[in-house]
Amino acid sequence: MKTNQKNSKTSSAFKGSILHFLSDPEAETEGKGYEYFEDGLLFIEDGIVKSVGPFVELEKNLPKGTKITDYGDKLIMPGFIDTHLHYPQTDIIGSFGKKLLEWLEKYTFPVEGKFKDTDYANEVADFFLEELLRNGTTTAHVMCTVHKHSAEILFQKSLKKNLRMILGKVMMDRNAPEFLLDTPESGYNDSLELIEQWHEKQRLLYSVTPRFAITSTEEQLKKSAELLTTRKNLYLHTHLAENKDEIEFVAELFPWSKNYLDVYDKYGLVNDKSMFAHCVYLSKNEYRKMEETGASISFCPTSNLFLGSGLFDMDQSWQSNIKVGIGTDIGGGTSFSILKTLGEAYKVLQQKSQTLSPLRAFYLATLGGAKSLSLNDKIGNFESGKEADFVVLNFNATPLIERRLKNTADINERLFILMILGDDRSIEATHIMGEKVYAKA
Ligand code: GUN
Ligand code: ZN
């Protein structure tokens with residue numbers, strides 16, 4: 001029987017300067033790797049991008065009655081992607097005086113212990129999601145605590161906001177305070193229940209999360225690999241080669257291992273959906289293994305500087321064709337702002353006599369991040385069919401930035417000023433699947 005279905009698509013359009021990436025702008029040899037429309041239009045239907053291009057060309061073809069929101073001279077970009085952070089560490093950002101292992105003991109484990117209390121977890125989760133959106137971050141890859149409910153709470157709240165988020169309950173069964181330990185069995189069972197309830201529900205995805213090799217026994221690492229086989233498209237999220245003392249401790253705990261990555265590899269945890277945070281100290285063999293398997297790195301510059309961990313080698317990662325995304329690593333990292341994080345990434349690479357062009361930086365924060373999380377078929381740019389998560393950037397957020405921008409020649413220079421001087425004040429609005437969810441007061 002033929003039904004007379006009414007076309008009830010919700011259309012919206014956004015006018016402004018528009019920038020998005022089609023590939024890595026530095027690696028690109030033929031095109032530029034990006035599209036920039038100084039006077040552009042982004043057309044969205046039912047939360048999905050239909051088209052993007054010059055306003056004068058697209059405006060004529062908009063369906064009758066489409067509301068156009070005019071963002072004037074502001075810059076519309078795909079939402080930022082934070083590839084590694086810890087929501088439970090929101091309240092210990094900027095804790096004084098320690099390096100990784102002592103910082104975990106003194107500040108991190110105690111605050112994660114507070115998540116036993118669901119009221120506290122709820123309150124932090126609310127603040128955390130608001131803070132992401134206030135900073136233009138629309139997708140994040142998040143570590144929760146060992147408590148199953150810490151992930152449940154963040155999943156519930158992300159679902160309500162219709163966010164594309166990847167998260168997981170941390171698993172740790174040794175080398176942490178008793179009150180934060182699970183067991184190989186309980187960690188497996190809790191993770192599996194979370195996977196069954198949340199993985200691929202609406203826009204949510206699950207990441208199997210053994211914290212790092214130091215806090216998991218062999219048994220738990222084996223169980224993590226088992227979890228990865230329970231559903232398609234599951235992620236593996238952990239830390240790797242962040243700090244020299246950490247690496248030494250891993251070598252003591254796994255004396256048979258050839259290197260740190262070898263530990264994860266032995267238990268079947270290295271694949272193209274594995275995201276390894278930090279990777280400051282990788283050997284040639286580890287780079288090779290990452291390349292062979294298609295695993296990704298989260299580069300976390302504010303954390304690596306704050307915890308005195310070391311300087312990430314971006315050039316080596318690029319030469320090895322390893323996918324890299326940007327991570328704030330809250331609370332070892334010191335800012336939720338991806339703009340600030342890009343600025344610090346530039347400074348880290350200056351220390352290594354390497355560089356990060358502004359175009360490549362914003363690629364990393366958008367399409368590059370999406371690629372590192374195998375989500376580039378869904379988010380990361382404004383190709384037709386992508387989910388319409390975007391951020392609106394105000395070039396003139398502070399008197400200093402406004403003044404400095406008068407002395408810039410093109411979009412490249414303007415982007416550089418945004419990443420060096422910009423922060424949450426530069427975020428005018430954040431949209432999730434076309435809907436405005438944050439607007440600067
Ligand atoms: N390695 C293991 N756990 C952590 C953590 O919480 N933060 C950072 N930066 N590194 C880690
Ligand atoms: Zn981390």
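Above this text is the structure in question.
Residues numbered from 1 in each chain as written. Chains lettered and ligands numbered in written order. Predicted model: local features only at pLDDT ≥ 70, side-chain atom pairs only at ≥ 80, totals over all residues. Heavy atoms only, no water.

K.L.:
Would you explain the nonpolar core in this entry?
P.N.:
Side chains of a nonpolar character, in soluble globular proteins, are inclined to be buried together. The biggest cluster of nonpolar side chains holds 115 residues, and the ones touching the most others in it are Tyr87 and Phe362. Among the elements that take part in this core, helix 3 (residues 118–134) stands out by supplying eight residues, more than any other. Apart from the residues lying within four places of it in its own chain, the contact partners of Phe362 are Phe21, Met77, Phe80, Leu339, Leu342, Leu415, Leu418 and Met419. Counting 14 residues, the second-largest nonpolar core is a separate cluster that includes Val49, Ile76, Ala388 and Val392. (Core = buried A, V, L, I, M, F, W, Y, C linked by side-chain atoms within 4.5 Å. Buried < 20%, exposed > 50% of the residue type's maximum accessible area, 1.4 Å probe, protein only. Helix = DSSP H or I, 4+ residues; strand = E, 2+ residues; numbered from the N terminus. Contact = heavy atoms within 4.5 Å.)

K.L.:
Help me out: how do you make sense of the packing of helix 12 (residues 338–351) against helix 13 (residues 358–372) in this one?
P.N.:
Helix-helix packing: each pair is described by the crossing angle between the helix axes and the interaxial distance. Packing of helix 12 against helix 13 brings their axes to within 10 Å, and their N-to-C directions diverge by 130°. When the axes of helix 12 and helix 13 are compared, the pair comes out oblique. Of the two possible hands of crossing, helix 12 and helix 13 adopt the one that is right-handed. Here Ile338, Leu339 and Leu342 of helix 12 come into contact with helix 13, specifically with Ala361, Phe362 and Ala365. (Axes fitted to C-alpha atoms, helices over the stretch in contact; angles between N-to-C directions. Parallel < 35°, antiparallel > 145°, perpendicular 65-115°, else oblique. Left-handed = near helix turned anticlockwise from the far one by under 90°.)

K.L.:
I would appreciate a short explanation of the site of ligand 1 in the present structure.
P.N.:
Lining the immediate surroundings of ligand 1 are 13 residues, of which His86, Gln89, Arg211, Glu242 and Asp329 lie closest. One of the side-chain nitrogen or oxygen atoms of Gln89 is found 2.9 Å away from an oxygen atom of ligand 1. Take Arg211: an N or O atom from its side chain is 2.7 Å from an oxygen atom of ligand 1. Starting from 280 Å² of accessible surface for ligand 1 in isolation, the protein chains cover 100%. (Near = heavy atom within 4 Å. Polar contact = N/O pair within 3.5 Å; in protein donor to acceptor, adjacent residues only side chain to side chain. Areas by Shrake-Rupley, 256 points an atom, 1.4 Å probe, with all protein chains shown as cover.)

K.L.:
What is the right way to look at the pattern of salt bridges in this model?
P.N.:
Any two side chains of opposite charge can pair, so long as their charged atoms come close to each other. Evaluation of the coordinates by the stated rule reveals 22 salt bridges. As a salt-bridge pair, Lys161 and Glu130 come within 2.8 Å of each other at their nearest N and O atoms. Highlighted residues: Lys161 in the loop between helix 4 (148–160) and strand 7 (164–168) and Glu130 in helix 3, separated in sequence by 31 residues. A relative accessible area of 27% means that Lys161 is categorised as partly exposed. Residue classification places Glu130 among the partly exposed residues on the basis of a relative accessible area of 38%. (Salt bridge = Lys/Arg side-chain N within 4 Å of Asp/Glu carboxyl O.)

K.L.:
How should I be thinking about the packing of aromatic side chains in this particular structure?
P.N.:
Note on aromatic pairs: each is described by the distance of the centres and the angle between the planes. One pass over the full model with this rule turns up 18 aromatic pairs. With centroids separated by 6.2 Å and ring planes inclined at 55°, the aromatic side chains of Phe21 and Tyr34 adopt a geometry described as tilted. With Phe21 in strand 1 (residues 11–21) and Tyr34 in strand 2 (residues 34–45), the pair connects residues that are 13 residues apart, well separated along the chain. Grouping aromatic residues by their ring pairs yields a cluster made of Tyr87, Phe115, Tyr120, Phe128 and Phe336. The lysine or arginine in question, Lys201, covers the ring of Trp198, its NZ or CZ lying 5.0 Å from the ring centre. (Phe/Tyr/Trp six-rings, centres within 6.5 Å; stacked < 30°, edge-to-face > 60°. Lys NZ or Arg CZ within 6 Å of the ring centre and 35° of its normal.)

K.L.:
Looking at this structure, how should I read the sheet that holds strand 2?
P.N.:
By way of backbone hydrogen bonds, the strands of a sheet pair with one another, either parallel or antiparallel. Strand order in the open sheet formed by seven strands is 3-2-1-4-14-15-16, with mixed pairing between adjacent strands. Taken across any chain shown, the strands that pair with only one partner, and hence form the sheet edges, are strand 3 (48–54) and strand 16 (435–439). Put simply, the sheet's adjacent strands are angled 35° from each other on average, direction ignored. Sheet topology note: the strand 1/strand 2 ladder contains ten bridges and is antiparallel. Looking at strand 2, one finds that Phe21 is bridged to Tyr34. Along the sheet face, helix 13 touches strand 1, strand 2 and strand 4 (67–78) and points at about 135° away from the line of strand 1. (Pairing = 2+ DSSP bridges.)

K.L.:
Would you mind going over the coordination of the zinc ion (ligand 2) with me for this structure?
P.N.:
Listed as protein donors to the zinc ion (ligand 2) are His84 (NE2), His86 (NE2), His239 (NE2) and Asp329 (OD); their distances from the metal cover 2.0 to 2.3 Å. Because the angles between the four donor atoms bound to the zinc ion (ligand 2) fall within 87 to 168°, the donor set is best described as irregular. The sequence motif formed by the donor residues of the zinc ion (ligand 2) is H-x1-H-x152-H-x89-D. In this pair, His239 is assigned in strand 10 (residues 235–240) and Asp329 in the loop between strand 13 (323–326) and helix 12, connecting sequence segments 90 residues apart. By relative accessible area, which is 6% here, His239 ends up buried. (Donors = N, O, S within 2.8 Å, 3.2 Å for Na, K, Ca; no water. Tetrahedral: all angles 85-135°; square planar, octahedral: opposite > 155°, others 65-115°.)

K.L.:
Sorry, what's going on with unusual backbone geometry here?
P.N.:
One can expect most non-glycine residues to show negative phi and most peptide bonds to be in trans. Between Ile330 and Gly331 the backbone carries a cis peptide bond, its omega angle lying at 0°. Relative to the elements of secondary structure, Gly331 occurs in the loop between strand 13 and helix 12. The phi dihedral of Asn321 is positive, around 60°, even though this residue is not glycine. Mapping Asn321 onto the fold places it in the loop between helix 11 (314–319) and strand 13. Phi is positive for Ser374, which is not a glycine, with a value near 50°. Note on placement: Ser374 falls in the loop between helix 13 and strand 14 (390–393).

K.L.:
How should helix 6 (residues 218–228) be read in this particular structure?
P.N.:
An α-helix turns once per 3.6 residues; consequently, residues spaced three or four apart project the same way. Listing the buried residues of helix 6 in full gives Gln220, Leu221, Lys223, Ser224, Ala225, Leu227 and Leu228. Where helix 6 is buried, its residues meet strand 8 (170–171), helix 5 (184–198), strand 9 (204–210), strand 10 and helix 8 (260–266).

K.L.:
What should I look at first to understand the packing of helix 5 against helix 6 in this one?
P.N.:
One can describe the packing of helix 5 onto helix 6 by two numbers: an axis separation of 9 Å at closest approach and a directional angle of 20°. Here helix 6 runs roughly parallel to helix 5, going by the angle between their axes. In this structure, the crossing between helix 5 and helix 6 has a hand that is right-handed. Here helix 5 contributes Pro184, Glu185, Tyr188, Ser191, Leu192 and Ile195 to the contact with helix 6, which in turn contributes Glu219, Gln220, Lys223, Glu226 and Leu227. Looking at the contact of helix 5 with helix 6, its residues break down into five nonpolar, two polar and four charged. (Nonpolar A, V, L, I, M, F, W, Y, C, P; charged D, E, K, R; others polar.)

These figures capture arrangement, not role.
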